[in-house]
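Coordinate inspection notes
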Amino acid sequence: MAEKTEKSVVCKGINIHKTYWRGKIEVHALQGVDIEIRRNEYISIMGASGSGKSTLIHILGCLDTPTRGEYYLEEKRVSEFSDDELARIRNQSIGFVFQEFNLLPRLSALENVALPLVYAGKKRIERIKKSRAILEKLGLGERIHHRPNELSGGECQRVAIARALINEPKIIFADEPTGNLDSKTGQEIMAIFDKLVEEGNTLVMVTHDPDIARSARRIIKLKDGRIGDA
Amino acid sequence: MHNILESIALALQTFKTHKLRSFLTILGVIIGVSTVIAILSLIEGLNQAVTGQIRSLGSDVIYLTKYSMVRRGPAEIEKIARRRDFTPDDAIAISRLPSVAATAPVIERQWNKLKYHNKESGQISIIGSNQYFSKVSNRTVQSGRDLTESDVAHRRNVGVIGSKVAADLFEEESPIGKELTIRGKRIRIVGVFEEKGAFLGQSMDNFILVPYSFFEKLFPGKTLSIFDRAFSTYSIHIMPRPKKLDSAIDEVRELMRRRRGLTFDKPDDFELNTQEMLLDIYHSITQVGFVAIVAIAAISLIVGGIGIMNIMLVSVAERTREIGIRKAVGASNRNILLQFLFESVVLALIGGIIGIVFGILLAKLISAVSPLKAAVALWMVLLGFGFSAAVGIFFGIYPAHRAAGLNPIEALRYE
Ligand SMILES: Nc1ncnc2c1ncn2[C@@H]1O[C@H](COP(=O)(O)OP(=O)(O)OP(=O)(O)O)[C@@H](O)[C@H]1O
Ligand SMILES: [Mg+2]
């Protein structure tokens, strides 16, 4: 149990390994990562390309499973969850923002944001109300009926952020969220993330950019699948 | 669990984006369901017509003939032809049996043309019988009178005509009292039977009934072909007393064996046919039809189903990224499974509905241009629905299962 003065642990990975097989060759993407994330932390994960950043954040976001090691989310072992429980955790407890937005092209901004609410079993009226509110908060009130191909990159990423936030997750993961954006738009997106942390959210973000990483309160450096010295 | 209407809407959405592909996919189901509906409704129509027809022959009548009306297989014409003919005397003897209510000896000949002034009929039947003919064949005289005992006794040249003959030869005029000529002999019309309608396009009212004693004067001598000797000699139509069908059959058999001098070791040389037997034989024929339908249905629906499975596998592959996104935001395996299963079921059901409509139209078309009458029943429509839904589920489950089992990250990485 966390001590009174310390903030509680949201998730914790112990000796996490991930091995891929490319034909007969083993690729050790993660080789024993220990990590602990507390509530309202703002962590930035950095490292060279291929150092395992995406692999790690996918495991932390319950989108993938480690080959070896244990991962706990709010003190529960993720490896013990059933497929349905994992789906519910991805739906309720985790918000994930991708570099390439990953919006459904045939759905409007509003419908994309509402998608997690569909799987949460929320009624249509409630879905629309909530999604509209969060899009308005992110400055997209005029764009709710546009499809992704009618939106700029920055707008798409804001829709994706709205979707990640819609179920009020315990923790938000973002994998190079500004990687596909120009620097000005990237700064606007970063401002949104900064504000989210101010509001009490927990955020883990992968980035290449040292300037961006600087706004984080803790930086984790990955090298060849291990956490290196800062 | 998200709600069913939205799942259907989602499924329909994907068809809107692939109209032609979806249509080609369900073509197999459309063809399968429509053929089955068309054939089933035609068989059902035939069933109703035949059953009604056999029933309208007059209930519980026994037909004493030289040939079997129901036995299938090669008819042994020569053997049947050699059997002794029945005579009106046989009919008189049978009519005295305790379980028998009425007996009519019936002999029939086709006649090519009947003329009256400048009008002529097509081919008609000339039937020789007695005053009980109308009773055993469930007919009533509409105008004029029926044959009488004395017509038969005095070999009177009188006739009662079917309503079609009346319409063809006399139109609006009353045929009663008019005279027709057959083989140089004049026949005075004394009555007209009520209309019975058509069966399989064949009018049942195209005949003239004369006393059998007069019929023998019309067609004397033994110039019969072997075929006629087998099938066109007297048959005897017997109406049992109420609830006495079985004992009437026994009594007639007993009597006829005696009259024909059959010793106990000899088989019957005559046949006693009943309506039940006619219905049975008919049903055993249509049973074969039903088996054929099931085979057609099975084959076409399997072909249709494979088409659906194929297109669903393509759809799953194309939408791998979509599946990854949905899973990443919280769709469970079951959500994905149901989404794709819904698509294949909706696809198959659309095919089924189009097939049902087509099938009904096809049956109506056939009814319009042929003597067959289609009878579409609710159970056929439900069967069409059920079949196509089952095809959708059966052939959709594998692609849907594949979609559901995808790992979210691998799905998201799919190009
Ligand atoms: N599905 C996979 N199959 C095989 N190898 C993989 C797979 N996914 C990742 N890898 C390998 O694992 C290693 C770590 O990849 P990862 O995507 O985590 O790197 P990254 O730090 O996110 O890199 P980048 O900055 O380019 O995004 C790399 O060598 C990569 O090639
Ligand atoms: Mg990466």
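The structure this text deals with has already been given above.
These notes cover the structure that comes with them. Just so it is clear, the structure is predicted and the values come from calculations on it, not from any experiment.

Moving on, we come to the packing of aromatic side chains. The final tally for this structure, using the stated rule, is nine aromatic pairs over all chains. Plain terms: the ring middles of Trp111 of chain B and Phe219 of chain B are 6.0 Å apart, the flat faces sit at 70° to each other, and that makes the pair edge-to-face. Of this pair, Trp111 of chain B sits in strand β2 (residues 100-111) while Phe219 of chain B is found in the loop between α8 (212-218) and α9 (226-231), placing the two residues 108 residues apart along the sequence. Judged by centre distance (4.6 Å) and plane angle (55°), the ring pair of Tyr116 of chain B and Phe170 of chain B falls under tilted. Placement of the pair is Tyr116 of chain B in strand β3 (residues 114-116) and Phe170 of chain B in helix α7 (residues 163-170), with a sequence separation of 54 residues. In terms of burial, Tyr116 of chain B and Phe170 of chain B fall into one category: buried. Site record: aromatic cluster; members linked through ring pairs are Phe96, Phe98 and Phe173 of chain A. Between the NZ or CZ atom of Arg109 of chain B and the centre of the ring of Phe219 of chain B, over which it lies, the distance is 5.1 Å.

All names here are of chain A. Across the sheet, which stays open at both edges, the six strands sit in the order β6-β7-β8-β3-β9-β10 with mixed pairing between neighbours. Of all strands in the sheet, those with a lone pairing partner are β6 (94-97) and β10 (226-227), marking the two edges. Along the sheet, helix α1 (residues 53-60) makes contact with β3 (42-47), β6, β7 (171-175), β8 (203-206) and β9 (218-223), crossing β7 at roughly 155°.

Counting residues at the interface gives 22 residues for chain A and 23 residues for chain B. At the surface where chain A touches chain B, the tally comes to zero salt bridges. The interface formed by chain A and chain B includes five residue pairs in polar contact (both at pLDDT 80 or more). Listing elements by their share of the side of chain A that touches chain B, those giving two or more residues are α2 (83-92), α3 (109-119) and α4 (124-137) of chain A.

Quick look at the sheet that holds strand β2 (residues 25-38) of chain A now. One key point about sheets: their strands pair by backbone hydrogen bonds, in either a parallel or an antiparallel sense. All names here are of chain A. Judged by pairing direction, the sheet is antiparallel, and its four strands sit side by side in the order β2-β1-β4-β5 without closing on themselves. Strand pairing shows two members of the sheet lacking a second neighbour, β2 and β5 (76-77), which therefore form its edges. The pairing of strand β4 (residues 68-73) with β5 spans two bridges and is classified as antiparallel. Bridge pairing in β5 places Leu73 opposite Lys76. On the sheet, α1 packs against β1 (9-22), β2 and β4 and is oriented at approximately 55° with respect to β2.

Residue and element names in this part refer to chain A. The N-to-C vectors of α3 and helix α5 (residues 153-165) enclose an angle of 25°; their axes lie 7 Å apart at closest approach. Comparing their axes, α5 and α3 come out roughly parallel. The handedness of the crossing between α3 and α5 is right-handed. Only Val159, Ala162 and Arg163 of α5 make contact with α3, whose side of the interface consists of Ala109, Asn112, Val113 and Pro116.

What surrounds ligand 1 is a group of 15 residues, the closest being Arg22, Ser49, Ser54 and Thr55 of chain A together with Arg413 of chain B. Between ligand 1 and Ser51 of chain A there is a distance of 3.3 Å, counted from an oxygen atom to a backbone nitrogen or oxygen. One of the side-chain nitrogen or oxygen atoms of His208 of chain A is found 3.3 Å away from an oxygen atom of ligand 1. Elements represented by at least two residues in the shell around ligand 1 include exactly β1, β2 and α1 of chain A. Top element by residues in the shell around ligand 1 is α1 of chain A. It accounts for three residues. Residue composition of the shell around ligand 1, grouped by class: four nonpolar, seven polar and four charged.

Cut-offs and rules
- Residues numbered from 1 in each chain as written.
- Chains lettered and ligands numbered in written order.
- Predicted model: local features only at pLDDT ≥ 70, side-chain atom pairs only at ≥ 80, totals over all residues.
- Heavy atoms only, no water.
- Phe/Tyr/Trp six-rings, centres within 6.5 Å; stacked < 30°, edge-to-face > 60°.
- Helix = DSSP H or I, 4+ residues; strand = E, 2+ residues; numbered from the N terminus.
- Buried < 20%, exposed > 50% of the residue type's maximum accessible area, 1.4 Å probe, protein only.
- Lys NZ or Arg CZ within 6 Å of the ring centre and 35° of its normal.
- Pairing = 2+ DSSP bridges.
- Contact = heavy atoms within 4.5 Å.
- Axes fitted to C-alpha atoms, helices over the stretch in contact; angles between N-to-C directions.
- Salt bridge = Lys/Arg side-chain N within 4 Å of Asp/Glu carboxyl O.
- Polar contact = N/O pair within 3.5 Å; in protein donor to acceptor, adjacent residues only side chain to side chain.
- Parallel < 35°, antiparallel > 145°, perpendicular 65-115°, else oblique.
- Left-handed = near helix turned anticlockwise from the far one by under 90°.
- Near = heavy atom within 4 Å.
- Nonpolar A, V, L, I, M, F, W, Y, C, P; charged D, E, K, R; others polar.

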